[in-house]
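Chain and residue survey
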Amino acid sequence: TDKIFTFSDTARKSIIEDYGIQEDKVITVYAGVNLKGLPSINKKYDAHIILFVGKDFTRKGGHTLVNAFKQVKKEIKDSRLIIVGASPKIDDKGIGVVGILPWEKRDERNNLFAKASIFAMPSVEELLGLVFLEAMAYKTPCIGTCVGGVPEVIEDGWNGFLIPPNDSKTLAKKLIQMLNDQKLMKTMGDNGRTKLEKKFTWEKVSEKIIGATN
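Keep in mind that this is a model prediction, so the values were computed, not measured.

**Digging into the packing of helix α3 (residues 106-115) against helix α4 (residues 130-137)**
The packing of two helices is summarised by the inter-axis angle and the distance between the axes. For the pair α3 and α4, the least separation of the axes is 8 Å and the interaxial angle reads 70°. The angle between α3 and α4 places the two elements in the roughly perpendicular class. For α3 against α4, the interelement crossing comes out right-handed. Where α3 approaches α4, its residues R106, R109, N110 and F113 are matched on the opposing element by V131, E134 and A135.

Shown next as structure tokens:
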């Protein structure tokens, strides 16, 4: 191959170090958000909804989030956690399990991003986290872990927070901090949308690919 394009610098490093490919052949181009167009949204942050989207509930840190939410619920009584993509057997108060939403229900999924106050996915492993991009498109601040390519998407303290994996205590603390501060959530949500527009659209990815192959 003449060039290899990767979703993240983490993946680029692996291609170079693990497979012995020349550095100048491997280029990080990232990825774009998979939406028909970036939504125009007047975002509100008063619903106290935490959204999780992921099929692999264990790898995506679902159990860590559930444990953290139990602490959040004690502090913020009207808080809710909505789980999409997976169907864990959970019957705790304030937790709604939606399960898989097929493509024909894409509008329902997008509506959840629009309503959510925070998107949280504390993955144990993550190449990039494309679902974070969907959250950022809807000006939803994100909480992820400092693993893989996640820190390339979430800048700690700017468009969300980064926490260690498997750390429900720190996750609960950050969730409570954000839910109690609508101004902080709005600032982070706006910052995330700005970063998305500058770096994570398919137009931007195409520009990088064309620039690298000319």
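**Brief notes about a negative patch on the surface**
Taken together, the side chains of E17, D18, E23 and D24 define an acidic patch exposed on the protein surface. With respect to the secondary-structure elements, E17 resides in helix α1 (residues 9-19). Judged by relative accessible area, E17 falls into the exposed class, the value being 55%.

**Thoughts on a nonpolar patch on the surface**
A cluster of nonpolar side chains, contributed by F7, L127, L130 and W202, occupies part of the molecular surface with about 330 Å² of accessible area. Counting through the fold element by element, F7 comes out in the loop between β1 (4-6) and α1.

**Brief notes about the sheet that holds strand β4 (residues 80-84)**
The sheet built from 6 strands is open, its strands ordered β5-β4-β3-β6-β7-β8 with parallel pairing. Edge strands, defined here as strands with exactly one partner in the open sheet, are β5 (95-99) and β8 (160-163). Neighbour-to-neighbour, the strand axes of this sheet turn through a mean angle of 20°, independent of strand direction. Note that strand β3 (residues 49-53) and β4 share 5 bridges and pair parallel. Bridge pairing links V53 to V84 in β4. Packing of helix α6 (residues 168-179) onto the sheet brings it into contact with β3, β6 (118-120), β7 (142-145) and β8, and relative to β8 it is tilted by some 170°.

Here is what the cut-offs are and how they apply
- Residues numbered from 1 in each chain as written.
- Predicted model: local features only at pLDDT ≥ 70, side-chain atom pairs only at ≥ 80, totals over all residues.
- Heavy atoms only, no water.
- Axes fitted to C-alpha atoms, helices over the stretch in contact; angles between N-to-C directions.
- Helix = DSSP H or I, 4+ residues; strand = E, 2+ residues; numbered from the N terminus.
- Parallel < 35°, antiparallel > 145°, perpendicular 65-115°, else oblique.
- Left-handed = near helix turned anticlockwise from the far one by under 90°.
- Contact = heavy atoms within 4.5 Å.
- Patch = residues over 30% accessible without salt bridge, like charges linked within 9 Å, V, L, I, M, F, W, Y side chains within 5 Å.
- Areas by Shrake-Rupley, 256 points an atom, 1.4 Å probe, with all protein chains shown as cover.
- Salt bridge = Lys/Arg side-chain N within 4 Å of Asp/Glu carboxyl O.
- Lys, Arg positive; Asp, Glu negative; His and termini not counted.
- Charge placed at Lys NZ, Arg CZ, Asp CG, Glu CD.
- Buried < 20%, exposed > 50% of the residue type's maximum accessible area, 1.4 Å probe, protein only.
- Pairing = 2+ DSSP bridges.

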